[in-house]
Amino acid sequence: MILAFHDTFGPEPFPEGEVRKGLARYERKRTGAGDGRNLRGGAGARRSRFLSQRGPSPQQLEKAVEGAETKGAGAASGGGHCRRRGDLEGPRTDGFRCDDVSGGGGGAPLYHQFPLTLEPADSYTVNTLVSGEILSDTFEKGDQVEEGQLLYTIDSSNAASSQTQAQNSYSQAQTSYEQAVKAKYPQADLSGTVSEVYVNEGDSVSAGTQLLKIVADENIYIDFYFTYADSGDFYIGQTATVFIDGFAGTLTGTVAAVSSSSAAVSTGVPLTTVRVRLANPGLVTSDYTASAVIGSYSSYGQASIKVGASSVITAEASGKVAGFNWLVGDTISSGDRICTITGDSVDNQIESARISVSNASTSLENARDNLEDYSVTAPISGTVVTKNAKAGDNIEGGSGSTLCVIYDLSYLEMTMSIDELDISSVEVGQEVRITADAVEGKTYTGVVTEVSVAGTTSGGITTYPVTVRIDETDGLLPGMNVDAEIVISSADDVLAIPSAAVSRGDMVLVTANSPSAVNALDQEA
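Quick summary incoming for the structure in this document. (Residues numbered from 1 in each chain as written. Predicted model: local features only at pLDDT ≥ 70, side-chain atom pairs only at ≥ 80, totals over all residues. Heavy atoms only, no water.)

**Describing a negative patch on the surface**
Residues E365, D369, E372 and D373 make up a contiguous surface patch of negative charge. Note that D369 resides in helix 4 (residues 344-372). (Patch = residues over 30% accessible without salt bridge, like charges linked within 9 Å, V, L, I, M, F, W, Y side chains within 5 Å. Areas by Shrake-Rupley, 256 points an atom, 1.4 Å probe, with all protein chains shown as cover. Salt bridge = Lys/Arg side-chain N within 4 Å of Asp/Glu carboxyl O. Lys, Arg positive; Asp, Glu negative; His and termini not counted. Charge placed at Lys NZ, Arg CZ, Asp CG, Glu CD. Helix = DSSP H or I, 4+ residues; strand = E, 2+ residues; numbered from the N terminus.)

**Re the pattern of salt bridges**
Oppositely charged side chains are able to pair whenever their charged atoms sit close together. If you walk through the whole model with that rule in mind, you get ten salt bridges. One salt bridge connects D223 with K306, and the closest N-O pair in it is separated by 3.4 Å. Placement of D223 in strand 10 (residues 219-227) and of K306 in strand 17 (residues 303-307) is noted, with a sequence separation of 83 residues between them. With a shortest N-O distance of 3.9 Å, D474 and K442 are connected by a salt bridge.

**Side note on the packing of helix 3 (residues 157-184) against helix 4**
Helix packing geometry: the angle between the two helix axes and the distance between the axes. One can describe the packing of helix 3 onto helix 4 by two numbers: an axis separation of 8 Å at closest approach and a directional angle of 160°. Between helix 3 and helix 4, the angle is such that the two are roughly antiparallel. Helix-helix and strand crossings are classified by hand; for helix 3 and helix 4 the assignment is left-handed. (Axes fitted to C-alpha atoms, helices over the stretch in contact; angles between N-to-C directions. Parallel < 35°, antiparallel > 145°, perpendicular 65-115°, else oblique. Left-handed = near helix turned anticlockwise from the far one by under 90°.)

**Remarks on the sheet that holds strand 9 (residues 210-215)**
Spatially, four strands are ordered 18-9-7-20 in an open sheet, and the strand pairing comes out antiparallel. Since the sheet does not close on itself, it has two edges, and those belong to strand 18 (310-314) and strand 20 (331-332), each with one partner. As defined by bridge partners, strand 7 (residues 192-197) adjoins strand 9 across four bridges and the pair is classed as antiparallel. Each bridged residue has a counterpart across the sheet, and for V194 the counterpart in strand 9 is I214. (Pairing = 2+ DSSP bridges.)

**Brief notes about the nonpolar core**
L118, M414, M416, V432, I434, L476 and I486 are the most contacted members of the largest nonpolar core, which totals 23 residues. Sorting elements by how many residues they give to this core places strand 25 (residues 402-419) first, with four residues. Other than its neighbours up to four places away in sequence, L476 contacts L118, L412, A436, V439, Y444 and I470. (Core = buried A, V, L, I, M, F, W, Y, C linked by side-chain atoms within 4.5 Å. Buried < 20%, exposed > 50% of the residue type's maximum accessible area, 1.4 Å probe, protein only. Contact = heavy atoms within 4.5 Å.)

**Regarding the packing of aromatic side chains**
Here a ring pair, both rings aromatic, is described through the centre-centre distance and the interplanar angle of the planes. Taken as a whole, this structure holds four aromatic pairs when the rule is applied. When the centroid spacing of 5.5 Å and the interplanar angle of 55° are considered together, the rings of F234 and Y297 count as tilted. Of this pair, F234 sits in the loop between strand 10 and strand 11 (239-244) while Y297 sits in strand 16 (residues 297-298), and the two are 63 residues apart along the sequence. Across the ring face of F139, the terminal group of K387 is positioned such that the distance to the ring centre comes to 4.7 Å. (Phe/Tyr/Trp six-rings, centres within 6.5 Å; stacked < 30°, edge-to-face > 60°. Lys NZ or Arg CZ within 6 Å of the ring centre and 35° of its normal.)

**Section: unusual backbone geometry**
The phi dihedral of Y228 is positive, around 55°, even though this residue is not glycine. As for its placement among the helices and strands, Y228 is situated in the loop between strand 10 and strand 11.

**Side note on the environment of M414**
One can find M414 in strand 25. A C-alpha to C-alpha distance of 8.4 Å links M414 and I470, two positions 56 residues apart in sequence. What M414 contacts, discounting residues up to four positions off in sequence, is L116, T117, L118, V432, I434, V466, T467, V468, V482 and A484.

Keep in mind these numbers describe shape, not what the thing actually does.
This is the structure in structure tokens:
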């Protein structure tokens, strides 16, 4: 059976006590059991709640209930529907009803809502913030595009120049920062031996002050030429007596290498080259020359002296020397820290250089991002439904510069507004039956994918948005209006009262001019 109190609430509702008595009388008469105080009427039915001041007698209400049963029997088809007001008779009004209680036939209870508008799974309006001429486009309206696919190329000549300038500025800033750090922490630029020390711990220095000297090798090397001698006449480690031009006395060295082949001087006389190594007495430079005697052979002419590489490390900033522990004769490697230059001056230089690097990096990143904006790609995969710009067009960047619109049609969605009295019965995963006037004779199946807890209150009624997904969409398009029914639960042989008539405080509101009241008054007469 269907019991429906509906239509707009008027000023003369049934008195609460009379309604309770009438429903109780009807329930006892229908079931033949109990005193009628339990108004649930069977498993699954809601407790009836009423709010009224005066109205028909319990006998009239009993007849009204019976009249409602008679009027609703033809529409029930074996199962009652608890509908929102205005949906039982006449045109649809508020667009949803809760068919949550059955009356005798065991039909499946539903939450029915209409009309609903279909939306694509996702949509994106493609625009750009840059201005210029569109050099190319790669698609047409109706084409399928993939996420990341290039859609438009916009003239970026000015942006490319800006990026080059930003890159150069960043490189310069980075170099300045590295130099500032190096000035605070001077390092050895040569591997070798500390030959001289010029400062001590705690000394104040300025830019250009010498700190220490490094020599790569303390030995000197001289290549001597011997005529009328064969390479076999010499051997590595053999003692050599060296005469340095301008120095009194002799130095002793050893043979370090012997050439394996002979050459000839301008006179045609063959000669052999022998390299001699000896310790530098400290004052010999590459400006000197030397001769030598090895065994019974004297060298031919004067030979040039090769001195090992050396480097003098100087301060590049002003401050005090800290952490200086080097002594003459210490072995040092390239990259070793000489000391630390402390003071506000050098620290300020480093901080200033660091800020410059940060600013230059930001400018470079912005220039790169700006350049990327000239290549417009698809933000989502889907179908191009609108194309507003094409190759050759000159566009002005901005939020209003719509280039195209993309819909993801892999599935469709819609949002139902579920009454607060019914939201607890809706769960993710529930089946939804969907019909569309545009596709006659076909019922689609959807599924609840989200039940939001963010409700909206209007006119004293709170509703909650419920998202429904439709995967099989053949014939359906975004923007179509559809009807939807959610299967909630089932109950048999129950008494139903419309949820729209229920108010807070165990009350139900029934209008004096409702069909139920009219039936009761007619039968009373």
